[in-house]
Amino acid sequence: MHERDDESPYDAGMTPDRAELERLYAYPDTDRPWIRTNFVSTADGAAYAADGKSGSLGGPVDKDVFALLRSLADVIIVGAGTARTEGYEPVRPEDVDADLRSRLGPSAVPPIAVVSRRLDIPDALATEGQIIITTADAPIAALEALDPALDVIAVGEREIDWSAVLDALAERGLRRVLCEGGPTLHGELVALDLVDELCLPITPMLH
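Residues numbered from 1 in each chain as written. Predicted model: local features only at pLDDT ≥ 70, side-chain atom pairs only at ≥ 80, totals over all residues. Heavy atoms only, no water.

Of the regular secondary structure elements, the protein chain holds seven helices and nine strands. Across the 207 residues in the protein chain, those meeting the buried criterion constitute 44%. For the protein chain, restricting intrachain contacts to residue pairs at least 6 apart in sequence, the fraction spanning at least 24 positions comes to 69%. Looking at the protein chain as shown, the accessible area adds up to about 10300 Å², and 53% of this sits on carbon and sulfur atoms. (Helix = DSSP H or I, 4+ residues; strand = E, 2+ residues; numbered from the N terminus. Buried < 20%, exposed > 50% of the residue type's maximum accessible area, 1.4 Å probe, protein only. Contact = heavy atoms within 4.5 Å. Areas by Shrake-Rupley, 256 points an atom, 1.4 Å probe, with all protein chains shown as cover.)

Counting 27 residues, the largest nonpolar core has Ile112, Val114 and Leu125 as its most contacted members. Of all the secondary structure elements, the ones that give two or more residues to this core are helix H2 (60-72), strand E3 (75-79), helix H3 (80-86) and strand E4 (112-115). Non-local contacts of Ile112, meaning those with residues more than four positions away in its chain, are made with Arg70, Ile76, Val78, Tyr88, Glu89, Pro90, Val91, Leu125, Gln130 and Ile131. Counting 20 residues, the second largest nonpolar core, distinct from the first, contains Ile133, Ile153, Leu166 and Val177. (Core = buried A, V, L, I, M, F, W, Y, C linked by side-chain atoms within 4.5 Å.)

The next subject is the sheet that holds strand E6 (residues 151-154). Read across the sheet, seven strands follow the order E6-E5-E4-E3-E7-E1-E8 without closing on themselves; strand pairing throughout is parallel. Across the chains shown, the open sheet's two edge strands, defined by having one partner strand only, are E6 and strand E8 (197-199). Direction aside, neighbouring strands of the sheet carry axes that sit 25° apart on average. (Pairing = 2+ DSSP bridges. Axes fitted to C-alpha atoms, helices over the stretch in contact; angles between N-to-C directions.)

One can find Arg101 in helix H4 (residues 98-104). Asp74 is the oppositely charged side chain nearest to the buried, salt-bridge-free Arg101, at an N-O distance of 5.2 Å. Within the structure, the side chain of Arg101 is placed 3.3 Å from the backbone oxygen of Arg70, a separation counted as a polar contact. When sequence neighbours within four positions are dropped, the list of residues in contact with Arg101 reads Arg70, Ser71, Leu72, Ala73, Val96, Pro106, Ser107, Ala108, Val109 and Pro110. (Lys, Arg positive; Asp, Glu negative; His and termini not counted. Salt bridge = Lys/Arg side-chain N within 4 Å of Asp/Glu carboxyl O. Polar contact = N/O pair within 3.5 Å; in protein donor to acceptor, adjacent residues only side chain to side chain.)

Looking now at the environment of Val177. Take Val177: it is sitting in strand E7 (residues 176-179). For Val177, a relative accessible area of 0% puts it in the buried group. Separated by 143 residues in sequence, Val177 and Trp34 have C-alpha atoms that sit 5.8 Å apart. Not counting the four nearest positions on each side in its chain, Val177 is found in contact with Tyr27, Pro33, Trp34, Ile35, Arg36, Val75, Ile77 and Leu169.

Here the focus is the layout of surface pockets. Of the volumes computed, that of the largest pocket is approximately 310 Å³. Residue lining of the largest pocket: 15 residues in total, with Gly79, Ala80, Gly81, Val115 and Arg117 positioned closest to the centre. Elements represented by at least two residues in the lining of the largest pocket include exactly H3 and helix H7 (183-191). Partitioned by chemical class, the residues of the lining of the largest pocket number four nonpolar, six polar and five charged. (1 Å grid on protein atoms, 1.4 Å probe; cavity = no way out; pocket = protein on both sides within 12 Å on 5 of 7 lines; lining within 4 Å. Points joined across faces, edges and corners; volume = space filled by probe spheres on them. Nonpolar A, V, L, I, M, F, W, Y, C, P; charged D, E, K, R; others polar.)

Predicted confidence across the protein chain gives a mean pLDDT of 84, with 78% of residues reaching 70 or more. Within the model, pLDDT remains below 50 along residues 1-16, and this stretch shows 39 contacts once partners closer than five positions in the same chain are excluded. Here residues 48-53 is a poorly scored stretch, pLDDT under 50, and it has 14 contacts once near neighbours within four places are set aside; other chains count. (pLDDT = per-residue confidence, 0-100.)

Attention now goes to helix H6 (residues 162-171). Where H6 is concerned, the buried positions are Trp162, Val165, Leu166, Ala168, Leu169 and Ala170. Following H6 by one or two positions, Gly173 adopts a phi angle in the positive range, close to 75°.

Here the focus is the packing of aromatic side chains. Throughout the structure, instances matching the rule amount to zero aromatic pairs. Above the ring of Tyr27, the side-chain terminus of Arg36 is found at 4.2 Å from the ring centroid. (Phe/Tyr/Trp six-rings, centres within 6.5 Å; stacked < 30°, edge-to-face > 60°. Lys NZ or Arg CZ within 6 Å of the ring centre and 35° of its normal.)

In structure tokens form, the structure reads like this:
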């Protein structure tokens, strides 16, 4: 689902049930961050295809829903390891539904918030407009090497303080949160009872 192609998922126009999908996936009206997690799995529970990428598990319908979820989000959270494996880049305007985002009122594209305690950030995401989530005791040299234009949220000692992260996102007006993985990050948020909603497409294959 994370692989890019030259055609926007919206180039073909709105599908007949698109309005209903928007209604079903709409975030609730809340004054706190709402965390939605989204990942695909095989029928026997594998999170990755044979090539080691989760994106290879999704089909055309999954790609369309993936784009819709991004269109609805204020911010997309992803672990640095998953970002590297899946080849993440900043979200482009053609990746999302511009009309939907205009109606909702967020920015033209949601920023990617990369989670990394070691600040091992993929070069493509270490750019202006993106967000870094790390600990307050992250490596000083790595912090100083980051682009000053990056928005860095550094909270917690040794472990990320997710309550403080969510407060920081709320202060930035980023309440519709979409977490795209990977499994470690999903598990951490679930263990902390911070996940409000889980989207889990099941692909009809065995790993």
